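Chain and residue survey
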Amino acid sequence: MLLGVDYYPEQWDPARMEADMDTIREMGGNTIRIAEFAWHRMEPTEGHYDFSFFDRVLAMAREKGLQVILGTPTATIPAWLANKHPNILSQFENGQPRAFGGRHVCCYNSPELYDYSEKIIRAMAGHYQNERLVVAWQIDNEIGHEGSDLCWCPRCREAFRQFLRRRFGGDIHRLNDVYGTAFWSQEYNDFDEVPLPAPTVTTHNPALRLDWERFRSETLCRFLDFQSRLLRELIPNPLILHDFPGGGLDKHVNYTQAAKYLDIAAYNNYPVWGGQKEPLPPHEIAFGLDHIRGLKQQNFWITEAIMGAQGHDVTGYLPRPNQARLWSWQSMAHGCEALLYFRYRGAAKGAEQFCYGILDADNRKGRKFYEVQSFFQEVPRYAQALEAPIQSSVAIVYDYDSLASFRIQRQSLLLDCPAEMKKLYKAFYDRNVSVDVIPAEADLSGYKIVLLPQLTVTKPEFLSKAERFVREGGVLVLTYRTGVKDPDNNLFFGKVLPVGYAGLAGVTVAETESLQDANAFPILGEGAFAGTEGYGGVFRDMLEVQDADVLYRYGDPFYRSFAAVTRRRQGPGTVYYLGCSLDEGTTARLMEAVLSECGIETVSSPEGMEIVTRGGAEQRIRMLMNHNAFEAEALGVKLPPYGCVIEIL
């Protein structure tokens, strides 16, 4: 099991290196992650490669018994490259180039970025191709992070037009037809007339904007594919990973596609960041972990786990004693099988001075050091259980195009698709039921319950998969705004909503409305839910029932004839339709009924107590985690604030 730290020896006096590595070993680390931001150190001037510094780092690591994750340095180009080729820099929407000095400042359609990246990677790989100390190669860093997933430069404009030429087979009339450019007299005579969807008066064509989203994702994924192919050409059987940042469901890059070029999906887990008053709720942290596990549907690595307060210009919340250690255990509970902390020592200079590490700039061993040490000493005892695959009976499905469609046309000011997913996820998390967060491309067989929140784009291939899942006895949960758009991000003509899913659900949508309140109207239970009440809001579909049971009906004037929540039993399978965003209590009540219907075992625990069972025949454990700032008890075990107890079963 790889356990260690992100180490930036180039930022310190080389004389400290031996003491640093001794300290890393003292805390129980066996791995360091290096070089991802050190392009200039390895190529100080164009074509002059000097790996002597990192040769010394690797020699010291070998002496101290440390393994190495080596990063390609392409996320931070050297100043000489930006000076020689200023067009390599990406541009803001107004055409202003991004200044050299930050990170991820390059245009991913720049030929110079590819040219110079290939040269440094070839030089690195050639130099270290037989270095057994290198256990993995990390390509680039946090692709698409901090707004780097968008660029509006002339090269991107031309590349986007070429993307459209390929998509429409060079037929501009076909583009006009698909986009409906007769609207607002937007017909194009040539692909060279097609604009980028930069700010304009009102808004751009939604179909154009969806293709722009696809183009941006393809652009970034192509860069990872390029690096992956290059390393596989140069190095015998390299283990290749990339460290994804959080918030992937909101980015203009399809993490699922990007993960196809990797052997390992890695994650930088930041439950709290500068300026946040408090950390994310535990279920949201867990959701992020399960999302990364779902990219390749296998266990993952964490390349950046926090221990100290974090922030660039504004520092943040300091994890309470044992809280960051608990987040590390939670990561392991959700499929992490290798973990490194960011960072070994907080920086004294540069932009990340307030991203505190295990050691601070005072270089003293304190509470954080001993927390890491205790974690590193304990976690290997359970390696067999924690490295075993996770088998879940429940999956939440997301679709890149559907998420992009809502970024383009939000439809409700309150609608936040990832937040809606997390609300559904919490109903299972609170009952300690494992959930996979998976892309629409994934196989649905093997699951008992599949939830499709806001799957607004209807795709025939996925629809067939969903129908088969229900025929084979699965429980499918649909939500409002399902089946609204076609794959070009246009409304269907002559078809009733939810398009493609109406027969499955046994309902159609008569009308819809957007609400400005999360609890805008009452809903009233019927049948098995008679006597229960709740609230809905954000958005709602007025459901007309053809062949389904009504579980809840809208309780406000004018709309009481419409169903709010329905269930249709179809042979051995069942389809639920949630017509609005439900309050947390009603969501929990419904999902509890779904779990009971499927015979899925739940485990009761107090609020803030998480219970996870991991492992297989060789070793099986139960993890009890207290996310509360006070003592709590579960299954007869008392846990201190932010405590974790591991029981061998």
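The structure presented is a predicted model; accordingly, all values stated were derived computationally and were not measured.

Let's shift gears to the overall build of the protein. Of regular secondary structure, the protein possesses 18 helices and 24 strands. Relative to a compact globule of 649 residues, whose C-alpha radius of gyration would be 26 Å, the protein shows 26 Å and is just as compact. Principal-axis analysis of the C-alpha atoms gives the protein an extent of 75 × 75 × 40 Å. Contacts spanning at least 24 positions in sequence make up 73% of the contacts within the protein whose residues lie at least 6 apart. Accessible surface, the protein: about 25300 Å² in total, of which carbon and sulfur atoms supply 49%. Taken as two groups, the 66 positive and 83 negative side-chain charges of the protein have centres that lie 1 Å from each other.

Here the focus is the environment of Pro199. Within the secondary structure, Pro199 is located in the loop between helix 7 (172–179) and helix 8 (206–234). Taking the relative accessible area as the measure of exposure, Pro199 reaches 62% and is therefore exposed. C-alpha of Pro199 to C-alpha of Asn94: the two residues are 105 residues apart in sequence and 8.4 Å apart in space.

Where helix 10 (residues 282–296) contacts helix 15 (residues 417–429), the two axes come as close as 10 Å, and the packing angle between them is 100°. On the basis of their axis angle, the class for helix 10 and helix 15 is roughly perpendicular. Between helix 10, through Pro282, His283, Glu284, Ala286, Phe287 and Asp290, and helix 15, the contact on the second element is made entirely by Met421, Lys422, Tyr425, Lys426 and Tyr429. Tallied by class, the residues present in the contact of helix 10 with helix 15 amount to six nonpolar, one polar and four charged.

A word on unusual backbone geometry. In this chain, Phe342 is followed by Arg343 through a cis amide linkage whose omega measures -10°. Examined against the element boundaries, Arg343 turns out to sit in the loop between strand 8 (336–342) and helix 12 (367–378). A cis amide bond links Leu497 with the next residue in sequence, Pro498, at an omega value of -5°. Its place among the elements puts Pro498 in the loop between strand 12 (475–479) and helix 17 (502–505). Of note in this structure, Gln411 is not a glycine but carries a positive phi near 75°. Topologically, Gln411 is positioned in the loop between helix 14 (400–408) and helix 15.

On to the packing of aromatic side chains. Scanning the model with the defined rule gives 35 aromatic pairs in all. With 5.3 Å between their ring centres and 50° between their planes, Phe160 and Phe215 make a pair best called tilted. Of the two residues, Phe160 sits in helix 6 (residues 154–167) while Phe215 sits in helix 8, which places them 55 residues apart along the sequence. In this pair, the class of Phe160 matches that of Phe215, namely buried. Taken together, the ring pairs connect Tyr8, Phe37, Tyr270, Trp273 and Phe342 into an aromatic cluster. Here the guanidinium or amino end of Arg98 rests over the ring plane of Phe92, the centre of that ring lying 4.6 Å away. One residue, Lys119, lies across the ring of Tyr116, its end atom 4.7 Å from the ring centre.

Note that Lys485 resides in the loop between strand 12 and helix 17. Buried and unpaired, Lys485 has no salt bridge, with Asp486 as the nearest side chain of opposite charge at 7.2 Å. Looking at Lys485, its side chain comes within polar contact range of the side chain of Gln409, at 2.7 Å. Looking at Lys485, its side chain comes within polar contact range of the main-chain oxygen of Asn489, at 2.8 Å. Excluding residues that lie within four positions of it along the chain, Lys485 makes contacts with Pro206, Ser405, Gln409, Thr456, Val457, Thr458, Asn490, Leu491 and Phe492.

On to the sheet that holds strand 20 (residues 609–615). Across a sheet, strands are paired by hydrogen bonds formed along the backbone, either parallel or antiparallel in direction. Spatially, three strands are ordered 20-21-24 in an open sheet, and the strand pairing comes out antiparallel. The open sheet has two free edges, formed respectively by strand 20 and strand 24 (644–648), since each of these has just one partner strand. With direction set aside, neighbouring strand axes in the sheet form an average angle of 15°. Relative to strand 24, strand 21 (residues 620–626) runs antiparallel, the two sharing five bridges. Following the sheet pairing, Met623 is matched in strand 24 by Ile646. Its contacts with the sheet place helix 11 (residues 323–333) against strand 20, strand 21 and strand 24, and it is angled at close to 140° to strand 21.

Another point: the pattern of salt bridges. A side chain with one charge can pair with a side chain of the opposite charge if their charged atoms come near. Overall, the coordinates contain 50 salt bridges when judged by the stated rule. Where Glu371 meets Arg367, a salt bridge forms, and the shortest distance between an N and an O atom there is 2.6 Å. Here Arg367 and Glu371 lie together in helix 12, a separation of four residues that amounts to about one turn. Classification of Glu371 by relative accessible area gives buried; the value is 5%. Asp401 is paired through a salt bridge with Lys459; the nearest N and O atoms lie 3.0 Å apart. Highlighted residues: Asp401 in helix 14 and Lys459 in the loop between strand 11 (449–452) and helix 16 (460–471), separated in sequence by 58 residues. The exposure class assigned to Asp401 is buried, which follows from its relative accessible area of 9%. A relative accessible area of 17% means that Lys459 is categorised as buried. The network of salt bridges with shared partners includes Arg167, Asp211, Arg214, Asp399, Asp401, Lys459 and Asp488.

Calculation criteria
- Residues numbered from 1 in each chain as written.
- Predicted model: local features only at pLDDT ≥ 70, side-chain atom pairs only at ≥ 80, totals over all residues.
- Heavy atoms only, no water.
- Helix = DSSP H or I, 4+ residues; strand = E, 2+ residues; numbered from the N terminus.
- Rg over C-alpha atoms; globule rule 2.2 N^0.38 Å.
- Contact = heavy atoms within 4.5 Å.
- Areas by Shrake-Rupley, 256 points an atom, 1.4 Å probe, with all protein chains shown as cover.
- Lys, Arg positive; Asp, Glu negative; His and termini not counted.
- Charge placed at Lys NZ, Arg CZ, Asp CG, Glu CD.
- Buried < 20%, exposed > 50% of the residue type's maximum accessible area, 1.4 Å probe, protein only.
- Axes fitted to C-alpha atoms, helices over the stretch in contact; angles between N-to-C directions.
- Parallel < 35°, antiparallel > 145°, perpendicular 65-115°, else oblique.
- Nonpolar A, V, L, I, M, F, W, Y, C, P; charged D, E, K, R; others polar.
- Phe/Tyr/Trp six-rings, centres within 6.5 Å; stacked < 30°, edge-to-face > 60°.
- Lys NZ or Arg CZ within 6 Å of the ring centre and 35° of its normal.
- Salt bridge = Lys/Arg side-chain N within 4 Å of Asp/Glu carboxyl O.
- Polar contact = N/O pair within 3.5 Å; in protein donor to acceptor, adjacent residues only side chain to side chain.
- Pairing = 2+ DSSP bridges.

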